[in-house]
Amino acid sequence: RHSGIPEATTTSLSVAAYGGIFQGSSVPDVLTISVAPPTMLVPVTAVFVQPTSSAQLPVSFDTRPADPVTVTAVSSNPAVATVNGPLVARDTGGVSFTVTHVAEGFSTISFNLTTGNLTNSTYSTVNVPDTVAVTAYGPGFLVSASQVRLAQMTSQTISVGLDTTPESRVVVTVIPSVAGVVTLSPATLEYDEGGTLVTSLTLTWAAPGEATLEFRSQGGVYHEIVRSARVHVTSLPPLAVAPATVSATPGGPAGASVRSIIVSWTEPPTGAEFVTGYTVELAQDVAFATIDASREVAATDRSVVVNPLVKGACYFYRVKARNEGGIG
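What you see is a predicted model; the values in this text were computed from it and never measured.

(A) Fine view of the overall build of the protein. When you go through the protein residue by residue, the secondary structure sums to 0 helices and 27 strands. Looking at the protein as a whole, 32% of its 328 residues qualify as buried. Contacts in the protein between residues at least 24 apart in sequence constitute 63% of all its contacts with a sequence separation of at least 6. If you sum the accessible surface of the protein, you get close to 17,800 Å²; carbon and sulfur atoms cover 54% of it.

Below is the structure:
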């Protein structure tokens, strides 16, 4: 049983046997007993606080205090976050501090313990835990999608919400980093005090390209808040156009039973800059119901060798360009 010694210590226990059948019995080695000091427990190393809100920071003890313990929590940067107290703990359940958001930034919380009996109290010599890091967030936006891909002439609707309840009307302007890639409806999002914190934003394909949406807000705790790179929009190019010309040249050793051909082509007359590759196919029927051979070719190539082919068979060939919008 723990004797109540507040500091860590080590003692030993030896055993001797006398009498009866145990007279003269061998005794086990000496047992070493380590007594740990009482410990103040802080279950977290970091606290995150949203604007206009607070977070709880519990503190407990692994040993019941013999005397009431006064726990003081100190914020290193009260301009960012404040903490209440001091609080008095009388049991192992401890106390719970309230960390309150003041402004966006970082702070740390340290602890001090005091007790009425500094010499014999259970926690008179306890080590105080390390500090707890506090991150006070600025107001932000909750967006339902971080990546949006739009095919030609299509739209997609996402939701945009506020993670902090505004105390007055907030107007958010959404600005694409590249003009002409996507159109937005509505162009501004409005949130009223006491109203819904989520609204819808429709993105519509305008032209091939990529853009990042930037959110700029005015009003209340969201005044002059700017958040970018929250949504990346890719407007895909139209379906690829077929190559301008396609030709085939027989190849392979003369007289061989299995031959090859070289299929060549030129780039599409439009949209060539969006081409990501080509698909070359051969079939023995003009409808290409059954593909006898297929090759995937890089966008920079203009020919490919297709084999093996059966001597005497009639083949039809075609070349399809592909891009991020699909295969033409």
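(B) Spatial organisation of unusual backbone geometry. Pro-86 follows Gly-85 through a cis peptide bond whose omega is 5°. Its location among the elements puts Pro-86 in the loop between β7 (81-83) and β8 (87-89). Residue Pro-186 is bonded to the preceding Ser-185 through a cis peptide linkage, with omega at -5°. By the secondary structure assignment, Pro-186 is in the loop between β16 (182-185) and β17 (188-191). Backbone geometry places Met-153, a non-glycine residue, at a positive phi of 65°.

(C) Structural context of the packing of aromatic side chains. Under the counting rule described, the total for this entry stands at 4 aromatic pairs. Ring centres of Trp-265 and Tyr-278 lie 5.4 Å apart, and the angle between their planes is 50°; this geometry places the pair in the tilted category. You can see Trp-265 sitting in strand β22 (residues 258-265) and its partner Tyr-278 sitting in strand β23 (residues 277-283), a full 13 residues away along the chain. Summarising the burial analysis for this pair, Trp-265 and Tyr-278 share the class buried. The ring of Phe-288 carries the charged tip of Arg-318 above its face, separated from the ring centre by 4.1 Å.

(D) Looking closely at the sheet that holds strand β3 (residues 40-41). In spatial order, the strands read β3-β5-β9-β7; together these 4 strands make up an open sheet with antiparallel pairing. What marks the edges here is a single partner per strand, and that holds for β3 and β7. Two strands pair when backbone bridges link them, and β3 and strand β5 (residues 54-61) are joined in this way by 2 bridges, in the antiparallel orientation. Looking at the pairing, Leu-41 lines up with Ser-60 of β5.

(E) Region of the structure containing the pattern of salt bridges. Throughout the structure, instances matching the rule amount to 8 salt bridges. Between Glu-267 and Arg-302 there is a salt bridge, and its shortest N-O distance comes to 3.4 Å. Of this pair, Glu-267 sits in the loop between β22 and β23 while Arg-302 sits in the loop between β24 (293-298) and β25 (303-310), and the two are 35 residues apart along the sequence. Given the relative accessible area of 42%, Glu-267 is considered partly exposed. For Arg-302, a relative accessible area of 32% corresponds to the partly exposed category. Within this structure, Arg-169, Glu-190 and Asp-192 form a network of salt bridges that share partners.

About the cut-offs
- Position numbers for residues start from 1 in each chain and track the written sequence from start to end.
- Only residues with pLDDT of at least 70 are given local features in this predicted model, and only at 80 or more are side-chain atom pairs given and counted; all residues enter the totals for whole chains, interfaces and linings.
- Excluding hydrogens and water, the side-chain values take into account all heavy atoms of the structure.
- Secondary structure follows DSSP: runs of H or I at least 4 residues long count as helices, runs of E at least 2 residues long count as strands, and numbering of each begins at the N terminus.
- Exposure classes here rest on a 1.4 Å probe applied to the protein chains alone. A residue is buried below 20% of its type maximum, exposed above 50%, and partly exposed in between.
- Throughout, a contact is declared for two residues whenever any of their heavy atoms are within 4.5 Å.
- Throughout, the Shrake-Rupley method with a 1.4 Å probe supplies accessible areas, and for residues the shown protein chains are the sole cover considered.
- Ring pairs are drawn from Phe, Tyr and Trp, using the six-membered ring of Trp, whenever the two centres fall within 6.5 Å, and their geometry is named by plane angle: stacked under 30 degrees, edge-to-face over 60, tilted for the rest.
- Cation placement over rings: the criterion is NZ of Lys or CZ of Arg within 6 Å of the ring centroid and within 35° of the ring normal.
- Strands are labelled as partners when DSSP assigns at least two bridges between them.
- Every case where a carboxyl oxygen of Asp or Glu lies within 4 Å of a side-chain nitrogen of Lys or Arg is listed as a salt bridge.

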